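Descriptive analysis of the structure
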Amino acid sequence: AGGALATVATAFGSAFVFLSGAGLIYGNYKLFAESEREAQADKIMTAEDYIEELNERRDLKTFEKTIDLMLDQIERLQKKNKIIRDILLQIFSASEMSYKKFDGVISEVEKIFFMNNRSILNKLDAFDEEDYLFIRKKRESEDFSEKFMDEKIEVYNKYITFVKVATEDNEAILLKLDKLLLELSGLNSVESGQLEKMPGMIEIDDLIKQTTNYKN
């Protein structure tokens, strides 16, 4: 039993390294500076705060579907993490260091997820939808040069691309939680040394290597 628990601890440690790595959110770094995300990390907001802020931005028609997706992602994140914690409490008591360690990993994943949402909210606030729609109409009227219009549209397309990539990053986090949940749900039947051989853990290990290569 001790060997199996040690294996689980190693698995969670590896998962945390991946989930908190730059590889998961590398797409956003290609467009905007890393310092922006670091600045947002200092702002503490609850899931309910993010839900409220997203609902306040529903008037942005350009991102209407994205906002619906983000609200759904928050709901799924909370549900998955609750189930993970419930399963862990079947294995450990809440006072055990092992449970506290795993619970800390889940908390860090939540922090990354919501820090990503904070960055999206900043882009939504900076996005001037009225100007964007105005430029699109003017592009058809040919009141401005094609070069100027292309540059204006490119700026707004960067906003749109950033938001799209960021929501995909959060979806990737949810997928990793799904795989961890799948592995945890079968823990009682796993022999020592077998957990790291599961397909989900092999995939995480591969992605950790990719993240390391990117950071280097």
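Relevant structure appears above.
What counts as what
- Residues numbered from 1 in each chain as written.
- Predicted model: local features only at pLDDT ≥ 70, side-chain atom pairs only at ≥ 80, totals over all residues.
- Heavy atoms only, no water.
- Helix = DSSP H or I, 4+ residues; strand = E, 2+ residues; numbered from the N terminus.
- Buried < 20%, exposed > 50% of the residue type's maximum accessible area, 1.4 Å probe, protein only.
- Polar contact = N/O pair within 3.5 Å; in protein donor to acceptor, adjacent residues only side chain to side chain.
- Contact = heavy atoms within 4.5 Å.
- Patch = residues over 30% accessible without salt bridge, like charges linked within 9 Å, V, L, I, M, F, W, Y side chains within 5 Å.
- Areas by Shrake-Rupley, 256 points an atom, 1.4 Å probe, with all protein chains shown as cover.
- Salt bridge = Lys/Arg side-chain N within 4 Å of Asp/Glu carboxyl O.
- Expected span 1.5 Å × (residues − 1).
- Arc of directions from axis to C-beta.
- Axes fitted to C-alpha atoms, helices over the stretch in contact; angles between N-to-C directions.
- Parallel < 35°, antiparallel > 145°, perpendicular 65-115°, else oblique.
- Left-handed = near helix turned anticlockwise from the far one by under 90°.

Looking at the element boundaries, Ala166 is found in helix H8 (residues 146-185). The buried category is assigned to Ala166, whose relative accessible area is 0%. Sequence spacing of Ala166 and Asn116 is 50 residues, and the spatial spacing of their C-alpha atoms is 6.6 Å.

With that settled, consider the side chain of Arg85. Summarising the element assignment, Arg85 is placed in helix H5 (residues 64-91). Only 3.4 Å separates the side chain of Arg85 from the side chain of Ser107, close enough to count as a polar contact. A polar contact is formed between the side chain of Arg85 and the side chain of Glu110, at a distance of 3.3 Å. Aside from chain neighbours lying at most four places away, what touches Arg85 is Tyr99, Asp103, Ile106, Ser107 and Glu110.

Let's shift gears to a nonpolar patch on the surface. On the surface, a nonpolar cluster with roughly 270 Å² of combined accessible area is contributed by Phe134, Phe144 and Phe148. Along the chain, Phe144 falls in the loop between helix H7 (129-141) and H8. A relative accessible area of 39% places Phe144 in the partly exposed class.

To continue, consider the pattern of salt bridges. Per the counting criterion, the structure on display carries 13 salt bridges. For Arg76, the salt bridge goes to Asp72, with nearest N and O atoms at 2.7 Å. Here the residue Arg76 and the residue Asp72 both occupy positions in helix H5, the gap between them amounting to four residues, near one helical turn. On the basis of relative accessibility, which here comes to 24%, the residue Arg76 falls in the partly exposed class. Notably, a salt bridge pairs Asp86 with Lys82, separated by 2.9 Å at the nearest N-O pair. Residue Asp86 and its partner Lys82 are located together in helix H5, separated by four residues, close to a single helical turn. By relative accessible area, Lys82 is classed as exposed at 53%. Look at the salt bridges and you will find they share partners, linking Glu53, Arg57, Arg118 and Asp125 into a network.

As for its position among the elements, Asp128 is in the loop between helix H6 (97-126) and H7. When the C-alpha positions of Asp128 and Leu60 are compared, they lie 9.4 Å apart, and in sequence the two are 68 residues distant.

Here the focus is H7. An ideal rise of 1.5 Å per residue puts 18 Å on 13 residues; H7 measures up with 19 Å between its terminal C-alpha atoms. Listed in full, the buried residues belonging to H7 are Glu129, Asp131, Tyr132 and Ile135. The buried residues of H7 occupy an angular sector of 165 degrees when the element is viewed end-on, so they sit on one face. For H7, the exposed residues set more than 90 degrees away from the buried face come down to Glu130, Lys137 and Glu140.

Once that is clear, we can look at the packing of H5 against H8. In contact at an axis separation of 10 Å, H5 and H8 are set at 20 degrees when each is read in the N-to-C sense. Viewed along their axes, H5 and H8 adopt a mutual orientation that is roughly parallel. Of the two possible hands of crossing, H5 and H8 adopt the one that is left-handed. Residues Thr66, Leu69, Met70, Gln73, Arg76, Leu77, Lys80, Asn81, Ile83, Ile84, Ile87 and Leu88 of H5 lie in contact with H8, whose contacting residues are Val163, Thr167, Asn170, Glu171, Leu174, Leu177, Asp178, Leu181, Leu184 and Ser185.

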